[in-house]
Amino acid sequence: MNVLHISDIHFRESYLPCEEGYQGMLAAMQNPLIPLEECIQDAKARGAIDLVVISGDLTEDGAPADYASLKRYLEKAFGSVPFVVTLGNHDIKRHFRQGWQGKSVETASDTPFNQVYETETLAVVTFDNSCYGYADGIVDERQFEWLQATLAQLKEKKIAFVTHHHLLPYQASTPAWAGADRLVALLQQYQISCILSGHTHHAFTGTIAGIPYYTVASMSFVGEDEGDGMVRFEERYGYNLYRFEEGALVHQSSENYRPNRVLMRVNMQG
């Protein structure tokens, strides 16, 4: 089973003209569908893709129309290949359900969006630790209760676990998710093949409690902390590929593209 992992697309159907601040950086950025198309074609050239994992921040603003447009693009690119999604701090749960899932305004909700995708030997579990506008993520007790019950039901299978926020404090200048220790203690009780995340926009490979752990590059931009609130935003993007055999992760590769184009330096404290 071959799995493509992408994240942090920050898609908008159109980016507003602006020359200053974070919005100015977005206006200077190429449309993320351009690097996404490059990555999709490159990944396809390496072999058939059986599943696509998206680990959050699908859109920049969480607009229903942006989710619908992005999904149409991805369905055209992948055909019948299934998608497994978790949401990030730029995503709005209610609007995701409207635009991505096609739910009505009346039935769409703001409850956490979790998924379980199962094969005969592998379960891919997404765990929503996002809250729109809250960069570092929030999870309430009900989410942990859901996860514990779900993992118990899947105890006979190997599990690929997906969430948005990163779990190790030293891998980025932004804070790791505060619930990481409790989460890892729970995951250690089960057959976890790997942990996948996004959020930092920087590729990272490591282990957590002996579990393979991968943060994929973004599909939009990276921010490099220059101190005193100044962030240098650069164009950079990439994807990960994983191969599972009988539920076990047997191969992982990362492709990271560095055009060496500075978009803008922004005072994020201003």
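Since the structure is predicted, the reported quantities are computational estimates derived from the model, not experimental observations.

Some points on the packing of aromatic side chains
The geometry of two aromatic rings is summed up by the distance between their centres and the angle between their planes. Counted according to the given criterion, the structure contains 16 aromatic pairs. Between the aromatic rings of Tyr-22 and Phe-233, the centroid separation amounts to 6.1 Å while the plane-to-plane angle is 70°, which identifies the pairing as edge-to-face. Within this pair, whereas Tyr-22 is found in helix H1 (residues 21-28), its partner Phe-233 is found in strand E11 (residues 230-245), the two being separated by 211 residues in sequence. Accessibility expressed as a relative area gives 5% for Phe-233, which makes it buried. Taking the centre distance of 5.8 Å and the plane angle of 35° together, the rings of Phe-127 and Phe-161 count as tilted. Highlighted residues: Phe-127 in strand E5 (residues 122-127) and Phe-161 in strand E6 (residues 158-163), separated in sequence by 34 residues. Grouping residues by exposure puts Phe-127 and Phe-161 together as buried. Sitting above the plane of the Phe-144 ring, Arg-182 keeps its charged end 4.0 Å from the centroid.

A short note on the pattern of salt bridges
Under the defined criterion, the tally for this structure stands at 16 salt bridges. Two residues, Asp-42 and Arg-46, come together in a salt bridge whose shortest N-O distance is 3.3 Å. Judged by its relative accessible area of 23%, Asp-42 is partly exposed. You can call Arg-46 partly exposed: its relative accessible area is 47%. Residue Arg-182 is joined to Glu-141 by a salt bridge in which the shortest nitrogen-to-oxygen separation is 2.7 Å. Here Arg-182 is found in helix H6 (residues 180-187), whereas its partner Glu-141 is found in helix H5 (residues 141-153), with 41 residues between them in sequence. Arg-182 gets classed as partly exposed once you look at its relative accessible area, which sits at 43%. Note on Glu-141: relative accessible area 42%, which makes it partly exposed. A single network of salt bridges, built from pairs that share partners, joins Glu-224, Glu-226, Arg-232, Glu-234, Arg-236 and Arg-265.

What counts as what
- Starting from 1, residues in each chain are numbered consecutively following that chain's sequence as written.
- For this predicted model, a pLDDT threshold of at least 70 governs which residues receive local features, and a threshold of 80 or more governs which side-chain atom pairs are given and counted, while totals over whole chains, interfaces and linings are taken from all residues.
- Just so you know, side-chain values use all the structure's heavy atoms and leave hydrogens and water out.
- Stacked, tilted and edge-to-face pairs are distinguished by plane angle, under 30 degrees for stacked and over 60 for edge-to-face with tilted covering the rest, among Phe, Tyr and Trp rings (Trp via its six-membered ring) whose centres lie within 6.5 Å.
- Numbering of helices and strands starts at the N terminus; helices are DSSP runs of H or I of at least 4 residues and strands are runs of E of at least 2.
- Residue burial is assigned from relative accessible area. The probe radius is 1.4 Å, only protein chains are included, and a residue is buried under 20% of its type maximum, exposed over 50%, and partly exposed in between.
- Sitting over a ring, as applied to charges here, requires NZ of Lys or CZ of Arg to be within 6 Å of the ring centre and within 35 degrees of the ring normal.
- Within this document, salt bridges are pairs made up of a side-chain nitrogen of Lys or Arg and a carboxyl oxygen of Asp or Glu, the two lying within 4 Å of each other.

Shape is all these values report; function is a separate question.
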